[in-house]
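# Commentary on secondary and tertiary structure
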Amino acid sequence: MTSNNKPKKVDFKKTKRKPLLDAPPKQNGWKTVAVSFTGLTVLGVVAAITYQGYLETRVSTPFSQNKLVSNDVDSNMLWGSYRPGVYFGLKSREEHPLVTGLMWYLPSQLRSLSDIRHSCEIGDNLRKYGWTHHDGRNFGIQEIVDGSISLQTSFVKSTPSSWTAKVDVKQRKSTQIKTSVSLIWYVAFESVDDGFLNVSTAGDHPQIDAMSFSLGGMEIKFLNNNVSVSTDVSTTCTFSNSIDKVKEAIVETFAYKKDGESVKYYLNSKGEQAPCNLAAIMVTFEAPGSFLIIMDNASKSSVSFESSPQQHFQKNLNGHKDKFTAKFNSIFNLEAKGFTPGEVTFAKSIMSNLIGGIGYFYGASKVQSEYNEHPINYWKAPLYTAVPSRSFFPRGFLWDEGFHGLLVSTWDIDIALDIMTHWFDLMNIDGWIPREQILGSEALAKVPAEFVVQRSINANPPTFFLTLRHLLNNYEDQLRTPMRQEILKKLFPRLQTWFGWFNKTQTGEVGGSYRWKGRSITPQEINPKTLTSGLDDYPRASHPDNHERHVDLLCWMQLASHVMSDLAKFLGRDDTKYFDTYKYLSSIERLNALHLSPKTNTYADFGLHTDKVRLKLVETQTESKWIRDVMQNPKYQLVDNVFGYISLFPFLLKLLPADSLPLKTTLDNLRDPELVWTEYGIRSLSKKSILYMKHNTEHDPPYWRGQIWININYLILSALNHYKNESGPRKALAQEIYTELRKNIIANMYSQYQRTGYVWENYKDDTGEGKGCYPFTGWSALVVMIMAEIY
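These numbers come from a predicted model, not from an experiment. (Residues numbered from 1 in each chain as written. Predicted model: local features only at pLDDT ≥ 70, side-chain atom pairs only at ≥ 80, totals over all residues. Heavy atoms only, no water.)

## Concerning the overall build of the protein
This is how it is decided: By definition, any uninterrupted DSSP run of H or I lasting at least four residues is a helix, any uninterrupted run of E lasting at least two residues is a strand, and each is numbered from the N terminus. Only protein chains enter the area calculation, which uses a 1.4 Å probe; residues under 20% of their type maximum are buried, those over 50% are exposed, and those in between are partly exposed. Contact definition: two residues touch when any of their heavy atoms are within 4.5 Å.
For the protein, the count of helices and strands is 17 helices and 29 strands. Split into buried and exposed, the 791 residues of the protein put 56% on the buried side. Here the contacts in the protein between residues at least 6 apart in sequence split such that 69% fall between residues at least 24 apart.

## Here's the deal with the pattern of salt bridges
So the rule is basically this: Salt bridges are counted wherever a side-chain nitrogen of Lys or Arg sits within 4 Å of a carboxyl oxygen of Asp or Glu.
Tallied over the full model, the rule gives 31 salt bridges. Measuring nitrogen to oxygen at the nearest pair gives 2.8 Å for the salt bridge that ties Arg 93 to Asp 418. Of this pair, Arg 93 sits in the loop between strand 2 (89-92) and strand 3 (99-105) while Asp 418 is found in helix 6 (residues 413-424), placing the two residues 325 residues apart along the sequence. With a relative accessible area of 19%, Asp 418 lands in the buried category. The partner of Asp 605 in a salt bridge is Arg 540, and the shortest N-O contact between them spans 3.0 Å. Taken together, the residues Asp 605 in the loop between helix 12 (588-595) and strand 24 (606-609) and Arg 540 in the loop between helix 9 (482-505) and helix 10 (551-570) connect sequence positions 65 residues apart.

## Let's talk about the packing of aromatic side chains
We count it as follows: Pairs were defined over the aromatic rings of Phe, Tyr and Trp, the Trp ring being its six-membered one, requiring ring centres within 6.5 Å. Orientation was assigned from the angle between planes: stacked under 30 degrees, edge-to-face over 60, tilted for the rest. Here, a charge over a ring is recorded when the distance from Lys NZ or Arg CZ to the ring centre is within 6 Å and its angle to the ring normal is within 35 degrees.
Overall, the coordinates contain 48 aromatic pairs when judged by the stated rule. Here the aromatic rings of Phe 88 and Trp 185 are separated by 5.8 Å at their centres, their planes lie at 55°, and the arrangement is tilted. Of this pair, Phe 88 sits in the loop between strand 1 (79-80) and strand 2 while Trp 185 sits in strand 8 (residues 180-188); the two residues are 97 residues apart in sequence, bridging distant segments of the chain. The class of Trp 185 is buried, set by a relative accessible area of 1%. Grouping aromatic residues by their ring pairs yields a cluster made of Trp 399, Phe 403, Tyr 645, Tyr 703, Trp 704, Trp 709, Phe 776 and Trp 779. If you follow Arg 549 out to its NZ or CZ, it ends over the ring of Phe 606, 4.0 Å from the centre.

## Regarding the state of the cysteines
Put simply, the test is: Defined by distance alone, a disulfide is two cysteine sulfur atoms within 2.5 Å.
Per the stated rule, a full pass over the model turns up 1 disulfide. Two residues share a disulfide in this structure: Cys 237 and Cys 276, whose sulfurs sit 1.7 Å from each other. Placement of the pair is Cys 237 in strand 12 (residues 231-238) and Cys 276 in the loop between strand 14 (273-274) and strand 15 (278-286), with a sequence separation of 39 residues. Across this residue pair, the class does not change: Cys 237 and Cys 276 are buried.

## Quick look at the sheet that holds strand 23 (residues 453-455)
As a general point, the strands of a sheet are linked pairwise by backbone hydrogen bonds and lie either parallel or antiparallel. Quick note on the threshold: Strands pair, by our definition, only if DSSP identifies at least two bridges between them.
The sheet built from 3 strands is open, its strands ordered 19-18-23 with mixed pairing. What marks the edges here is a single partner per strand, and that holds for strand 19 (376-377) and strand 23. Bridge count between strand 18 (residues 366-368) and strand 19: 2 bridges; the pairing is antiparallel. Looking at the pairing, Lys 366 lines up with Asn 377 of strand 19.

## A closer look at the nonpolar core
Counted only if it meets this: Side-chain atoms within 4.5 Å link the members of a nonpolar core, which is a set of buried Ala, Val, Leu, Ile, Met, Phe, Trp, Tyr and Cys residues.
Ranked by internal contacts, the top residues of the largest apolar core, which has 206 residues, are Leu 183, Phe 332, Phe 651, Ile 716 and Leu 720. In terms of residue count, the dominant contributor to this core is helix 10 (13 residues). Counting 15 residues, the second largest nonpolar core, distinct from the first, contains Met 103, Tyr 105, Phe 254 and Ala 280.

Okay, structure coming up:
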């Protein structure tokens, strides 16, 4: 090698470049690659962690920060009976509301805390309670029968910021021995950060003064409306850290007071005077008795004890009652349809109970996605919604609300739209809405822990499309007002995303098919439940997997695509995508290929299935328990040995051509007493099904396995009404079944209401007896629509 090939020595003193003082030692090529790879790996790990964090928070990221519901509530809707879970209570429609409520008990029968009536409880065994009149806006009248006494509670809003409530107590039987009754009226904030209270007993009328940091000062006056009634009055001002614990806090305070003593402020644990967030007035008297509670803005108080507040209240109440009756008659027209006065009164009460059961809640759900190891909080939000049952389900349920909306929108379009916008503000960025809403301490107190967490893979039937279809079909002109059009325009992008979420998450393996996610085999269940479908324990494929196809969900999606197309046209938008989807999903050839059994000519789910499954008692040294025992290997097949509500869905949503053979089979099966026909309505599962009225676990009684449910019977009647008006060979048969079924449902529900005082969750298929929880004036209130023949 010559000297010319030697590397040139660099003199750093002469060059302009400076040496790399901290340069690493010389490395070979492999080490350089390793360092580069390590750097990339670190970056990859950081990116993965960042992306995982993004996925974990996505479930609780709102669809948009621009809410459909304004923070500025309509002042006319500020106050209302928005506490469906208590027998009687009013509150403001706010994030931090002022809450008022009623309690009562009979001193001679007081044995435990549960003898004090407050929240609606099935265990209270009241003979009857419920609204007889309620317009959702201005007033309500309620009748309560509790043992030897009856109460009428009523309220009227006189201005947007003031109202008067009345409690009338009567002794049911005339006896020489008078019944002693104690009433407690309370006012509360969730915490002292929301406002504070003061109680005064000056003069003859006890008064609670409230300072709300959102509403300002208010006065709540308690008036003895019957001066001949001798009453003992005491008051208290105390503290409760949760609205669902007000009864315990009040009872504890009164228990440590001397007779007639009143407490005007709260003493904390140090004995120091402190603000109170719970104030109560208790009166004890001999029935009968009548009391007024007047809430007024403190700076604009209009109450004068020189005049007669009772006469003023009664005049306003009667005026609203007359307007309610006139509106009810004009909408439902029941007298002209031949119903008796008693049946009309029944219908008024049932509709009033649905409207009076609309509540206002605020809080955050507990949610979990597949990317979250533990449940996290959803964002805090309000929800204005009807509830299925004031006693057992006093909270919002997604698929129930679409059925509720049919009757609510018939009564008041704007209330229905208000409810809908609240629900769609609960949609996350992916288009998921938690199917059960447990917002706030009062709602949470009613729910077992295992049902609190909502999982983002789980759907619920998109029944709001039922409400929207009903609005578009029956009230198109009314929807064209600027305010309502604006609501629908803002709602449309959320509906698009909701529809897209179903198509992204609930599609099946075969094109055009759908399946309810969330089913899994458990050792205790004879047939895995499908809670997401709403028809919890209705029999499906015995071994759920990715290849399942659920016919009801396909039908729901067909309905959704049709409504999206119609709504797009109504709003002047291009409906091509949704109309094409509707045509694709409503193809009778595709429906038949996916779900029609050639053996039975009925529609069925498809999946990995065997009938040879039972519950088997297994004994161990420590316990004995019933577990699932599979006696035959399952195979992929249509689950066509099951006939019931699921089989009816193509008929329910009017997908079948009027001259089709499956329609004839469906109608024939509907009318068969050995399948689903009864004298009281259509049962949920055929008597011939192997799981008819069978327990799903040792402790889970049948739920959708033979009982009669009014929401599905309403859809059945709606479909029959459709086919009896369609030209074709099934027209007369559809008419015959419609007439008899409608008559049976109305007669049985009215009979059970007279017998028990309530409308029920479901009805026994062999006797018509009301079963499940009560009162259930959620979708069971659709009997009013059935009576009026509004579909």
